[in-house]
Amino acid sequence: MRVLVTGGAGYIGSHTLLQLLRSDHDVLVYDNFTNSAPEALARVQSLSNRPLAQVTGDIRDSTRLNETFAQFRPEAVIHFAGLKSVGNSVAHPLSYYDTNVAGTLQLLRAMSSHGCDRIVFSSSATVYGEAIYLPCDEDHPLQPASPYGRSKMMVEMIIRDWAARHRDTSAVLLRYFNPVGADASGRIGEDPTDIPENLMPYVAQVAVGTRAELSVYGADYPTDDGTGERDYIHVEDLARAHCAALDYAARSPGCEAINVGTGTSVSVLQMVAAFERASGRPIPYRVVPRRAGDVARMCANVAKAQRLLGWQAQMGLEEMCRSTWAWQSANPAGYRQQA
Ligand SMILES: NC(=O)c1ccc[n+]([C@@H]2O[C@H](COP(=O)([O-])OP(=O)(O)OC[C@H]3O[C@@H](n4cnc5c(N)ncnc54)[C@H](O)[C@@H]3O)[C@@H](O)[C@H]2O)c1
């Protein structure tokens, strides 16, 4: 299938590209590299040994998008491009709505103009906000607590309406839980340009010596060890979910939101212990007060992914930590340092 991948140079995009290329799809990446490096694409190309077309462009640039659609004629789009920091979205809400919402409008317009009627969209478990019940299924009310989360919810609603206008259109809204890990080769991985907001890249930076210690936000939650629990999903499993979603979209018109997680939750201290085992390095940490907006526990109901996509997570905590360490130890400064 000819697949246009927006934001394909980013963390999840680069791992998905590898799976797409290995599954013999024709792929074009459309990215403005605002939060990624062209080096990631060079490495994907060398790992897959397959050609990878690239266009440097912004999803809000309708002229460039339309030129790209006219030339490549994609049969489907995987839409990763967007801004993703919850904290930044509170400080810069308009940038988030502009890139995530207005950018998606431009993309859908280009798709409509060029007869492309299949999309897989990167949504997030953040659309659920603080869960009323667990594990959280796709019918859980949407009550996002940040401009970032609201931008994802708005895009979901827009895509749902867009898909409803024509009976041949298909859309899959993948609600990721907490993506972690890296390709087992250690050649591609998560490369935060700022202080990481997420646990795993922070732990990895402590292990490699870039940061002195980990702050554990609260050890008085009603969980087994008192620290927050999340549903971490290996990025390779997540990449496979995109391939399964593309296949599903090709045979199933309509619009479906689907959780992508493991269905189990892991605490901060369990993650720290697993990373110490994987890396052989100590992870010094200090317990500090809870962080505003954090919840005790979050975990996905993954029955719908199994039922519709025939997909389920295969990789566990050890593989998540081992692959992250393979990436971090070989690339302590991410893509800025050529391996
Ligand atoms: N990583 C997570 O924890 C997580 C969780 C849930 C959902 N998501 C969503 O998944 C998607 C991918 O996440 P990621 O972790 O790979 O992020 P990322 O920042 O690594 O990748 C996003 C990519 O989009 C590109 N981009 C940003 N704005 C653009 C624009 N205006 N035009 C063209 N390209 C643009 C960036 O350069 C980058 O390559 C995002 O939409 C994110 O919101 C991520």
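Quick notes on the rules
Residues numbered from 1 in each chain as written. Predicted model: local features only at pLDDT ≥ 70, side-chain atom pairs only at ≥ 80, totals over all residues. Helix = DSSP H or I, 4+ residues; strand = E, 2+ residues; numbered from the N terminus. Rg over C-alpha atoms; globule rule 2.2 N^0.38 Å. Buried ≥ 20, exposed ≤ 12 C-beta atoms within 10 Å, placed from the backbone. Contact = placed C-beta atoms within 7 Å. Axes fitted to C-alpha atoms, helices over the stretch in contact; angles between N-to-C directions. Parallel < 35°, antiparallel > 145°, perpendicular 65-115°, else oblique. Left-handed = near helix turned anticlockwise from the far one by under 90°. Nonpolar A, V, L, I, M, F, W, Y, C, P; charged D, E, K, R; others polar. Pairing = 2+ DSSP bridges. Near = placed C-beta within 6 Å. Core = buried A, V, L, I, M, F, W, Y, C linked by C-beta atoms within 7 Å. Expected span 1.5 Å × (residues − 1). Right-handed = clockwise from strand over helix to strand, strands pointing away.

(A) Quick look at the overall build of the protein chain. Counting its secondary structure elements, the protein chain contains 11 helices and 13 strands. In terms of C-alpha radius of gyration, the protein chain reaches 19 Å, essentially the compact-globule figure of 20 Å for 339 residues. Burial status across the protein chain gives 50% buried among its 339 residues. Sequence separation of at least 24 residues holds for 80% of the intrachain contacts in the protein chain that already meet a minimum separation of 6.

(B) How the structure looks around the environment of isoleucine 195. Tracing the sequence through the fold places isoleucine 195 in the loop between β7 (178-180) and α7 (199-208). With 71 residues separating them in the primary sequence, isoleucine 195 and serine 124 have C-alpha atoms 21 Å apart.

(C) Up close: the packing of α7 against helix α9 (residues 268-279). At their nearest, the axes of α7 and α9 sit 11 Å apart, and the two run at 40 degrees to each other. Judged by the angle between their axes, α7 and α9 are oblique. Classified by chirality, the crossing of α9 by α7 is right-handed. Contacts between α7 and α9 involve Leu199, Val203 and Ala207 on the former and, on the latter, Val268, Met271, Val272, Phe275 and Ser279. Each residue belonging to the contact of α7 with α9 can be placed in one class, and the counts come to 7 nonpolar, 1 polar and no charged.

(D) Focus on the sheet that holds strand β5 (residues 118-124). Overall, parallel pairing links the 7 strands, which are arranged β3-β2-β1-β4-β5-β6-β11 in an open sheet. If you trace the sheet from one side to the other, it starts and ends with β3 (53-56) and β11 (254-260), each paired once. Between one strand and the next, the sheet's axes are offset by a mean angle of 20 degrees, whatever the strand orientation. For β5 and strand β6 (residues 170-176), the ladder comprises 7 bridges, and the chain directions are parallel.

(E) A look at the site of the ligand. Close to the ligand lie 28 residues, the nearest being Gly7, Gly10, Ser36, Ser122 and Ser124. Mapped by element, the contributors of at least two residues to the shell around the ligand are α1 (11-22), α5 (93-113) and β5. The element that contributes the greatest number of residues to the shell around the ligand is α1, accounting for 3 residues. Of the residues belonging to the shell around the ligand, the class tally is 10 nonpolar, 14 polar and 4 charged.

(F) Quick look at the environment of proline 93. Mapped onto the secondary structure, proline 93 falls in helix α5. In this structure the C-alpha to C-alpha distance between proline 93 and arginine 150, which are 57 residues apart in sequence, comes to 9.9 Å.

(G) Seen up close, the nonpolar core. With 98 residues, the main nonpolar core has Leu174, Val203 and Ala245 as its most contacted residues. The element best represented in this core is helix α8 (residues 235-251), accounting for 10 residues. With sequence-adjacent residues up to four places away left out, leucine 174 is seen in contact with Val120, Phe121, Ser122, Ser123, Ala241, Ala245, Ile258 and Val260.

(H) Fine view of α5. Taking 1.5 Å per residue as the helical rise, α5 with its 21 residues ought to reach 30 Å, and the 29 Å between its terminal C-alpha atoms agrees with that figure. On its buried side, α5 packs onto β1 (2-6), α3 (62-72), β4 (76-79), α4 (86-91), β5 and α6 (147-164). A positive phi of about 65 degrees marks glycine 115, the residue just after α5.

(I) Main features of the pairing of β3. Bridge count between strand β2 (residues 26-31) and β3: 4 bridges; the pairing is parallel. Paired with tyrosine 30 across the two strands is valine 55, which belongs to β3. One crossover worth recording links β2 to the parallel β3 by way of helix α2 (residues 38-48), and it is right-handed.

(J) View of the environment of isoleucine 59. In this fold, isoleucine 59 is placed in the loop between β3 and α3. Apart from residues no more than four positions distant in its own chain, isoleucine 59 is found in contact with Thr6, Leu65, Ala81, Gly103, Gln106 and Leu107.

(K) The packing of α1 against α2, seen in detail. As a packed pair, α1 and α2 sit with axes 10 Å apart at the nearest point and diverge in direction by 30 degrees. The angle between α1 and α2 falls in the class roughly parallel. You can see that α1 and α2 cross each other, and the crossing is right-handed. Of α2, the residues touching α1 (which contributes Ser14, Leu17, Leu18, Leu21 and Arg22) are Ala40, Val44, Leu47 and Ser48. Taken together, the residues that form the contact of α1 with α2 break down as 6 nonpolar, 2 polar and 1 charged.

(L) Geometry of the pairing of β6. In terms of burial, β6 is a largely internal element, 7 of the 7 residues being buried. Neither face of β6 is exposed, since Ser170, Val172, Leu174 and Tyr176 on one face and Ala171, Leu173 and Arg175 on the opposite face are all buried. Once you follow β5 into α6 and on to β6, the crossover reads as right-handed. As paired elements, β6 and β11 share 7 bridges and run parallel to each other. Among the inter-strand pairings, leucine 173 is bridged to a residue of β11, identified as alanine 257.

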